[in-house]
Amino acid sequence: METAVDLANTLRPIKGEDALETVEQLQGFLDDHPPAGPGEPSSSATDRRTGRWRRLTRTDLTEVRALRETVRGVLERASTDAVGAAMLINEGLRRSRATPALRHDHGRWWTEVTSDTDRCAAHLAATTLSALASVIAALGPTRLGVCAGPSCRATFVDLSRNGSKQYCTRTCAHRASVAAYRSRRSNS
Ligand SMILES: [Zn+2]
């Protein structure tokens, strides 16, 4: 779920910044977001799976950038057009050939959504889109959103109890309240 939001937010549409322009940046992103394993973040299972993508290519980058469009589209659309967002999720999952699997590793049972290819974009699609699907199923489509900060537009997933999140971070919320206070003062 964090991976989905972080992937979408490698693009900052207002600032025009893109943190996913090179194969090296993609490698860095994957290193920072290892596949979920049976609890231990640096388990051998994780190492084994990230090792699969040591030799990333421009094709991987192109595919992951296309996936980012889909993930961002889901996050932007879900609260206003849940049916459209669901279509994006289902199409993306179908293309990645995502398959849920029950595994037994490190003495524990755990579930994983896998794809039947070794492509890094297929695996990322399976994990990010199924995570967003789970949030929609469990909490509803309005939990996915875009920051109300006029100069931000970062995406977020709201897991708070009351589900009233409007800004991606406290920094953005604070900035907005300061701006509102200033405009009230200048109007009076
Ligand atoms: Zn923001």
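Residues numbered from 1 in each chain as written. Predicted model: local features only at pLDDT ≥ 70, side-chain atom pairs only at ≥ 80, totals over all residues. Heavy atoms only, no water.

- The protein chain has the name CGNR zinc finger domain-containing protein in an unreviewed UniProt entry, where Saccharopolyspora rosea is given as its organism.

Concerning the overall build of the protein chain
So, point 1. On a plain count of helices and strands, the protein chain comes out with seven helices and six strands.
So, point 2. When the elements of the protein chain are put in sequence order from the N terminus, they spell out α-β-β-α-α-α-α-β-β-α-β-β-α.
So, point 3. By residue count, 40% of the 188 residues in the protein chain fall in the buried class.
So, point 4. A sequence separation of at least 24 residues applies to 56% of the contacts in the protein chain between residues at least 6 apart.
So, point 5. Roughly 11,100 Å² of accessible area belongs to the protein chain as shown, and the carbon and sulfur atoms make up 50% of that amount. (Helix = DSSP H or I, 4+ residues; strand = E, 2+ residues; numbered from the N terminus. Buried < 20%, exposed > 50% of the residue type's maximum accessible area, 1.4 Å probe, protein only. Contact = heavy atoms within 4.5 Å. Areas by Shrake-Rupley, 256 points an atom, 1.4 Å probe, with all protein chains shown as cover.)

Here's the deal with the layout of surface pockets
So, point 1. Its volume calculated, the second largest pocket comes out at about 270 Å³.
So, point 2. What lines the second largest pocket is a set of 14 residues, among which Arg 95, Ser 96, Ala 121, Ala 122 and Ala 125 lie closest to the centre.
So, point 3. The element best represented in the lining of the second largest pocket is helix α4 (residues 58-77), accounting for four residues.
So, point 4. Partitioned by chemical class, the residues of the lining of the second largest pocket number five nonpolar, four polar and five charged. (1 Å grid on protein atoms, 1.4 Å probe; cavity = no way out; pocket = protein on both sides within 12 Å on 5 of 7 lines; lining within 4 Å. Points joined across faces, edges and corners; volume = space filled by probe spheres on them. Nonpolar A, V, L, I, M, F, W, Y, C, P; charged D, E, K, R; others polar.)

Considerations on the pairing of strand β4 (residues 108-115)
So, point 1. Pairing of strand β3 (residues 98-105) with β4, which is carried by eight bridges, proceeds in the antiparallel orientation. Bridging from a neighbouring strand, Pro 100 pairs with Val 113 of β4.
So, point 2. Count of turn residues in the β3/β4 antiparallel hairpin: two residues, of which His 106 carries a positive phi of about 55°. (Pairing = 2+ DSSP bridges.)

Considering a negative patch on the surface
So, point 1. The grouping of Glu 2, Asp 6, Asp 31 and Asp 32 at the surface amounts to a negative patch.
So, point 2. Broken down by secondary-structure element, the contributors of at least two residues to the negative patch are α1 (2-8) and α2 (23-32).
So, point 3. Assignment of secondary structure puts Asp 32 in helix α2. (Patch = residues over 30% accessible without salt bridge, like charges linked within 9 Å, V, L, I, M, F, W, Y side chains within 5 Å. Salt bridge = Lys/Arg side-chain N within 4 Å of Asp/Glu carboxyl O. Lys, Arg positive; Asp, Glu negative; His and termini not counted. Charge placed at Lys NZ, Arg CZ, Asp CG, Glu CD.)

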